[in-house]
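# Structural description and commentary
This is what each chain is made of:
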Amino acid sequence: MSELISLGEGSGGRLTADLIASVIKNFAACDGQKSGCEDCTFIEGNLAVTTDGFTVSPRFFPGGDMGHLAVCGATNDLAVRGVRPQWLTLGMIIEEGLPRAELLRLVRSAARQCEALGATLAAGDTKVVPRGACEGMFFNVTALGRAVTSRPLGMNHLRPGDALILSTTPGRHGAVIAALRYGLDRGGLKSDCAALWPLLEQLLPLEGLHCMRDCTRGGLGTVLCEWAEGAGLGMEIEEERLALHPSVAAICDILGFDPLYLASEGCALIACAPTETENALARLRCHPLGRDAALIGTVTAEHAGLAGMKTRLGGFRIVDMPVGEILPRIC
Amino acid sequence: MRGSFLSSAAQTLAELARRTEPVTLMEVCGTHTVSIFRSGLRSLLPENAALLSGPGCPVCVTSQADIDQAIAAASLPNVALCSYGDMIRVPGRGGSLREAAARGGDVRVVMSALDVIPLALREPQREFVFFAVGFETTTPQTALLLQETERLGVGNVSVLVEHKRVLPALELLAQDPQTGVKGFLLPGHVSSIIGLEPYEILAEKYRIACAVGGFEGEQILLALCTLLAQIVHRRPRVVNAYPSGVRCHGNPRARALIDECFMPCDSVWRGLGTIRMSGLKLRAPYDRCDARVKLKLPAAVNTPIPGCRCGEVLRGRLAPPQCALFGKDCTPQEPVGPCMVSSEGSCGAWYRYGRMGGRL
């Protein structure tokens, strides 16, 4: 391992997992280890907590902004474990010279999203650093809430035969950001950035609901790998069932990106007992965020620890944990 | 209808393969390698047909010394190194460009060579070095950058040229008496520039089957069928299985651009060594923009990696697991050789498939 931290270690996937492991092992007691690195941890009874940093560039993008993203991103980590987001803390690191209007615009956006969720700002912090010490502004959000279901959700509840359902088409946030960064036409595409609680809450009454995860950094592919490794089961999806927004497909084509690894910010992978598939899809499709929900694959006992995809061509490929940051190909 | 076309194409492939001895094919282009991986094509190949990744991925073949020179440029004060994205994680002797950036080097990812000009105009005090890698596909872009730099009189752009030509490497493989490769899946993008004629020597002199393929799984499947058909009928020739993208005579305008700015020279390939006339160097007056001269970059040395047998893998002499480093000292997380560096290079691909056990 290199002596210096590289950008690739922040991109989700294998290097990020190694970085996190090297941090956690220094703590004698860490609930994160106990819960097998799920999105949030139950700290006492049904009280759960998660924390997340936000450094997106550009800060404003079609479909959202960093304030909106910060609240959605942190609360989605609670929502996927059946936890209603109730309290938030907001830490801000602000670079000297940031226009005040921009700061307020981002904060108001975060506040609007908080209000929509019925969550309260419980604590906050501001730090201003000299020009050059951070790029414009960074957010850190900690979210707390109580589980509204007594049924435990998580990777260790995955079972062979479970249906894998994706709540919407994947990769839209990552594709928008890539298009902006590399100066490509995004063809009207918007980030899918959204708070998932109102959508996922609809699924909580289902008896056969086993596990949910939002496909953020590292995308759907990384979630599938983490589930396969975490549960010691196989994950199999079908390319034919995986609908892509045409602009996501086009942006990936130009940059040589694999849409499976592009970040989503309002898209969840859901595993439930096969008998609940239709029920789950019907509930998701009733909500605007779940209109494009689709069954994309199944959990298998075969090839434990690995994720794979049946391709349109009728072949089979591995969906591997990405290593390092996603970079455009040469040709 | 699509399903029936595909299943019959896969069936044709299997039937053709049954009529030959075990056969090794090579896809030359890195983009083919990626597409083959993503479309799951490898899992559809008949058992006696092996598909190796050849020397057509700039990430794999750019020499360690050249990466080290790029790193040296990026580490100079007031110099920004502009690179295509996937070059920046390839390790040289002293780490990768990404690591150089972590140490404070100025590394910028560009989508196109011409993106360098606006950067240079915005920061006239800084020298912008374009790391010009790739084959005939990306060379015309570099030529355009050079011409625009001249035309606009931009003084702070230079070029670190590491462009390569595909054909000399293919000839080297074809001449190798030990090579197992019986058919080349030829690169679609390069062929759209150079056309079909340069490949004819491979079929005529070396009796190797050739097919230019497109980049969709279906198009690659078609090209593989035409390769096997040539092998079965013992009639090697150059087939254009990508007529929608490649014209027989290529793109004369792009070739003229290349000729105006560059001339052939010997070049060092990672894993393959020096190949005669396989590289390009700047012609006057564009040699004014040579970053090596302008920035007085120290000459870098290629140090062989102990135990690495990528050269033999690239020549089709060795299957990746036969290398002692494979999967132990050399993995995608900690790659030693170039074929493991590119995540879809021969060794990288093999590493993954092996883990699927009997499934693939």
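Nothing here was measured: the structure is a model prediction, and the numbers come from that model.

Once that is clear, we can look at the overall build of chain A. A count of helical and extended segments in chain A gives nine helices and 14 strands. Here chain A has a C-alpha radius of gyration of 19 Å; the compact-globule value for 331 residues is 20 Å, and the two agree. Seen through its C-alpha atoms, chain A measures out along the principal axes to roughly 55 × 55 × 45 Å. By residue count, 51% of the 331 residues in chain A fall in the buried class. Across chain A, the fraction of contacts at a sequence separation of at least 24, relative to all contacts at a separation of at least 6, is 84%.

Below, the discussion takes up helix H11 (residues 217-232) of chain B. Since one α-helical turn is 3.6 residues long, residues separated by three or four positions face the same way. Taking 1.5 Å of rise per residue, the 16 residues of H11(B) would be expected to cover 22 Å, and the 22 Å separating its terminal C-alpha atoms lies within 8% of that figure. Immediately downstream of H11(B), the backbone of Arg234(B) shows phi near 50 degrees, a positive value.

With that settled, the discussion passes to the sheet that holds strand E2 (residues 47-54) of chain A. Residue and element names in this part refer to chain A. The mixed open sheet is built from five strands, whose spatial order is E1-E2-E7-E5-E6. The open sheet has two free edges, formed respectively by strand E1 (41-44) and strand E6 (120-129), since each of these has just one partner strand. Across the sheet, the axes of successive neighbouring strands diverge by a mean angle of 25 degrees, strand direction being ignored. Helix H4 (residues 100-117) rests against strand E5 (83-95), E6 and strand E7 (137-147) of the sheet, and its axis sits at about 175 degrees to E5.

Right, let's get into the interface of chain B and chain A. Opposite the 42 residues of chain B that make contact, chain A presents 28 residues. Only helix H1 (2-18), helix H2 (30-38), helix H5 (97-102), strand E5 (127-134), H11 and helix H16 (346-355) of chain B provide two or more residues apiece to the side of chain B that touches chain A. Here the element with the most residues in the side of chain B that touches chain A is H2(B); it accounts for four residues. In terms of residue class, the side of chain B that touches chain A is built from 17 nonpolar, 15 polar and ten charged.

As a further point, take unusual backbone geometry. Omega for the peptide link from Ser57(A) to Pro58(A) comes to 5 degrees, which places this bond in the cis form. Note that Pro58(A) resides in the loop between E2 and strand E3 (60-61). Cis geometry marks the peptide bond from Ala284(B) to Pro285(B), where omega comes out at 0 degrees. Residue position: Pro285(B) is located in the loop between strand E11 (273-282) and helix H13 (291-294).

What follows is about the environment of Cys210(B). Residues and elements named next belong to chain B. Topologically, Cys210 is positioned in strand E8 (residues 209-212). Cys210 sits in the buried class, given 28 other C-beta atoms within 10 Å. It is 45 Å that separates the C-alpha atoms of Cys210 and Leu76, two residues lying 134 residues apart in sequence. With residues up to four places along the chain from it excluded, the contact list for Cys210 reads Phe184, Leu186, Tyr199, Leu202, Ala203, Pro236, Arg237, Val238 and Val239.

This part covers the sheet that holds strand E2 (residues 49-56) of chain B. Residue and element names in this part refer to chain B. Read from one edge of the open sheet, five strands run E2-E1-E7-E8-E9, paired in parallel fashion. Here the strands that pair on one side only, and so sit at the sheet edges, are E2 and strand E9 (238-240). Looking at each pair of strands side by side, their axes are set apart by 25 degrees on average, direction ignored. Strand direction decides the pairing type here: strand E1 (residues 23-29) and E2, joined by six bridges, are parallel. Considered in E2, the bridge of Thr24 is made with Ala50. In this fold H2 packs onto E1, E2 and strand E7 (181-186), with an angle of close to 115 degrees to the strand it touches most, E1.

This part is about the environment of Ala307(A). Residue and element names in this part refer to chain A. With respect to the helices and strands, Ala307 occurs in strand E13 (residues 307-310). With 223 residues separating them along the chain, Ala307 and Arg84 place their C-alpha atoms 30 Å apart. Here Ala307 is in contact with Leu224, Cys225, Ala228, Met235 and Val319, once residues within four sequence places are set aside.

How each quantity is defined
Residues numbered from 1 in each chain as written. Chains lettered and ligands numbered in written order. Predicted model: local features only at pLDDT ≥ 70, side-chain atom pairs only at ≥ 80, totals over all residues. Helix = DSSP H or I, 4+ residues; strand = E, 2+ residues; numbered from the N terminus. Rg over C-alpha atoms; globule rule 2.2 N^0.38 Å. Buried ≥ 20, exposed ≤ 12 C-beta atoms within 10 Å, placed from the backbone. Contact = placed C-beta atoms within 7 Å. Expected span 1.5 Å × (residues − 1). Pairing = 2+ DSSP bridges. Axes fitted to C-alpha atoms, helices over the stretch in contact; angles between N-to-C directions. Nonpolar A, V, L, I, M, F, W, Y, C, P; charged D, E, K, R; others polar.

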